[in-house]
Amino acid sequence: MEELTIILVRGLGLGAIYALIAISLNAIHRATGIFNFAQGMLFVVAGILAALTMPSTPNPYLWLALLPLAAVALAAAMAVQGYITLLPLRSSVEQHSWLVSTLAVSVLIGAIILLIQGNNQILTTSQFPSFPVFGTRTPAPYVLAIAAALLWWAALRWFHTKTLTGLSISAIAQDLDAASAAGLRVRRLQVLAFGISGLIVGSAGFIAAPIVALANDSGLAYVTNGFVAAVVGGIGSDTGALVGGALVGVISMYAAFEYGGEFQNVVTLGLLVLVLMVRPEGLFGTPAARKV
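Residues numbered from 1 in each chain as written. Predicted model: local features only at pLDDT ≥ 70, side-chain atom pairs only at ≥ 80, totals over all residues. Heavy atoms only, no water.

A closer look at the overall build of the protein chain
Here is step 1: When helices and strands are tallied, the protein chain shows 11 helices and 2 strands.
Here is step 2: Within the protein chain, the fraction of its 292 residues that count as buried is 47%.
Here is step 3: Carbon together with sulfur atoms contributes 69% to the accessible area of the protein chain, which is approximately 14,200 Å² in total. (Helix = DSSP H or I, 4+ residues; strand = E, 2+ residues; numbered from the N terminus. Buried < 20%, exposed > 50% of the residue type's maximum accessible area, 1.4 Å probe, protein only. Areas by Shrake-Rupley, 256 points an atom, 1.4 Å probe, with all protein chains shown as cover.)

A word on the pattern of salt bridges
Here is step 1: Across all of its chains, the model carries 2 salt bridges by this definition.
Here is step 2: Across the pair R30 and D238 runs a salt bridge whose closest N-O atoms are separated by 3.3 Å. With R30 in helix 1 (residues 2-32) and D238 in helix 10 (residues 238-258), this pair connects stretches of sequence that are 208 residues apart.
Here is step 3: Under the relative-accessibility criterion, R30 is labelled buried at 15%. (Salt bridge = Lys/Arg side-chain N within 4 Å of Asp/Glu carboxyl O.)

Brief notes about the nonpolar core
Here is step 1: In this structure, F43 and F206 are the most contacted members of the largest nonpolar core, which totals 74 residues.
Here is step 2: Broken down by element, this core gets its largest block of residues, 13 residues, from helix 1.
Here is step 3: Those residues in contact with F206, other than ones at most four positions away along the chain, are A46, G47, L49, A50, T53, M54, W63, L66, L67 and A70. (Core = buried A, V, L, I, M, F, W, Y, C linked by side-chain atoms within 4.5 Å. Contact = heavy atoms within 4.5 Å.)

Notes on the packing of helix 1 against helix 10
Here is step 1: Between helix 1 and helix 10, the least distance of the axes is 6 Å, while the angle of their chain directions is 140°. By the angle between their directions, the pair helix 1 and helix 10 is classed as oblique. Remark: the crossing between helix 1 and helix 10 carries right-handed chirality.
Here is step 2: Class assignment for the residues of the contact of helix 1 with helix 10 results in 17 nonpolar, 6 polar and 4 charged. (Axes fitted to C-alpha atoms, helices over the stretch in contact; angles between N-to-C directions. Parallel < 35°, antiparallel > 145°, perpendicular 65-115°, else oblique. Left-handed = near helix turned anticlockwise from the far one by under 90°. Nonpolar A, V, L, I, M, F, W, Y, C, P; charged D, E, K, R; others polar.)

Some points on the environment of A16
Here is step 1: Mapped onto the elements, A16 comes out in helix 1.
Here is step 2: Linking A16 and L150, residues 134 residues apart in sequence, is a C-alpha distance of 8.5 Å.
Here is step 3: Setting aside residues no more than four positions away along its own chain, A16 makes contact with A145, I146 and A149.

Considerations on the side chain of S237
Here is step 1: Here S237 lies in the loop between helix 9 (219-233) and helix 10.
Here is step 2: Residue class for S237 comes out buried when judged on its relative accessible area of 16%.
Here is step 3: Polar side-chain contacts of S237 include one of 2.9 Å to the backbone nitrogen of G240.
Here is step 4: Not counting residues up to four positions away in its chain, the partners in contact with S237 are N26 and F284. (Polar contact = N/O pair within 3.5 Å; in protein donor to acceptor, adjacent residues only side chain to side chain.)

Some thoughts on helix 4 (residues 97-117)
Here is step 1: Between its terminal C-alpha atoms helix 4 stretches 30 Å, which fits the 30 Å expected from 21 residues at 1.5 Å a residue.
Here is step 2: All buried positions along helix 4 are accounted for by W98, T102, S106, I109, G110 and I113. Relative to the axis of helix 4, the buried residues are bounded by an arc of 110° and lie together on one face. When the buried face of helix 4 is taken as reference, the exposed residues oriented beyond 90 degrees from it are V100, V107, L108 and L115.
Here is step 3: Those residues of helix 4 that are buried lie in contact with helix 2 (39-53) and helix 3 (60-86).
Here is step 4: Following helix 4 by one or two positions, G118 has its phi on the positive side, about 75°. (Expected span 1.5 Å × (residues − 1). Arc of directions from axis to C-beta.)

Side note on helix 9
Here is step 1: Its 15 residues give helix 9 an end-to-end C-alpha distance of 21 Å, which sits within 8% of 21 Å, the value for a rise of 1.5 Å per residue.
Here is step 2: In terms of burial, helix 9 is a largely internal element, 11 of the 15 residues being buried.
Here is step 3: Buried within helix 9 we find G219, Y222, V223, N225, G226, V228, A229, A230, V231, V232 and G233.
Here is step 4: For helix 9, the secondary structure elements touched by its buried residues are helix 1, helix 2, helix 10 and helix 11 (264-278).

A look at the confidence of the model for the protein chain
Here is step 1: Looking at the protein chain as a whole, the pLDDT averages 89, with 96% of positions reaching at least 70.
Here is step 2: Within the protein chain, the lowest mean pLDDT, 82, falls on helix 7 (residues 176-181), and the highest, 95, falls on helix 5 (residues 140-162). (pLDDT = per-residue confidence, 0-100.)

A look at the side chain of T136
Here is step 1: The residue T136 is located in strand 2 (residues 136-138) in this model.
Here is step 2: In contact with T136, not counting residues within four places along its chain, are E2, T5, I6 and F131.

Focus: the packing of aromatic side chains
Here is step 1: Evaluated as defined, the whole model comprises 8 aromatic pairs.
Here is step 2: When the ring of F35 is compared with that of F37, the centres are 6.5 Å apart and the planes differ by 45°; the resulting orientation is tilted.
Here is step 3: Grouping aromatic residues by their ring pairs yields a cluster made of F35, F37 and F227. (Phe/Tyr/Trp six-rings, centres within 6.5 Å; stacked < 30°, edge-to-face > 60°.)

Dropping the structure here:
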C-alpha cells in the first residue's frame, strides 16, 4: 500500500511538471506552429533561480514573493527568444530555421550553466514541510506542482475563450493567413504567446526546484517528457496535456520504482509509440485536415 501511494502521489506530481511543460509547448505551438526545444533548459534556469535566491532556512513568504518575479523574468527572456526565432520566418513555419534556433538556445544555456556551475547538481531545499498522504510523507513541491498545473489549465482556458487577445491567438491557430488578412497583429500575438509560455515554465521550474535534477544536461529529459505528454494528450489540447502528463508521470515513476531510473525513458517512449499506433492525433487531439 505504501509503495502504491508513493508511485501514485509522486507520479502525479511528476506528471504535473511534465503537463506544465506540455502546456507551455502548446501555448507557443498554438500561435506559431513552433515547438520550442529550449523549453527544458528554461525550466532548469527557473529552478536555478529558486536555488540561488531561496535561503536554506525555509521562508514561505519570500518564496511566494519571488515566484511571480521568476515567472516574469522567464517570460521576458522567452519573449526575446521568440522575437529572434520568428524574425526569419515572416509569420510562416514553412521554413525550419526555428528548429535550429530553439535547439541552439538550449545548447547555449547548457554551456553557460556548465561554465558557471560545472557538472555538479544544483540543490535547493523545499520552503514548505512535507506532509502525510495515506500514511506516507510527501514533499510539498509534488502537491504544489499539481495545483499549479490545474491553475494554469483553468487560466488558459479562460484566456482563450473569454478575452479578445486569447480569441485572436485562437484565430491564428485556426488560420494564420486569414487572421493576418483580417488585420490581427500576428507577430505581436506570437511573441506574446512565447511570453505566456515563459510564465508557465518559469513558475513550474521555480516550484519544482527541490524535487528535480538541476544541471547543465537536465533540460533534454524535461523537454522530451513534456513533448511526449503533449503528443500523448494531443498537440494543442491543454486538457490532453494534463492527462498525458499524468500518464507519463505515473508510468515513469512506476518504472523507476520497479526496474530502476535507467528504464524511465524507455517506458515513456514506449507509451508514446503505443499511443501513436492506436490514435496518432493523441487522446484529446483532432485529426488534422489534409490540404489538397
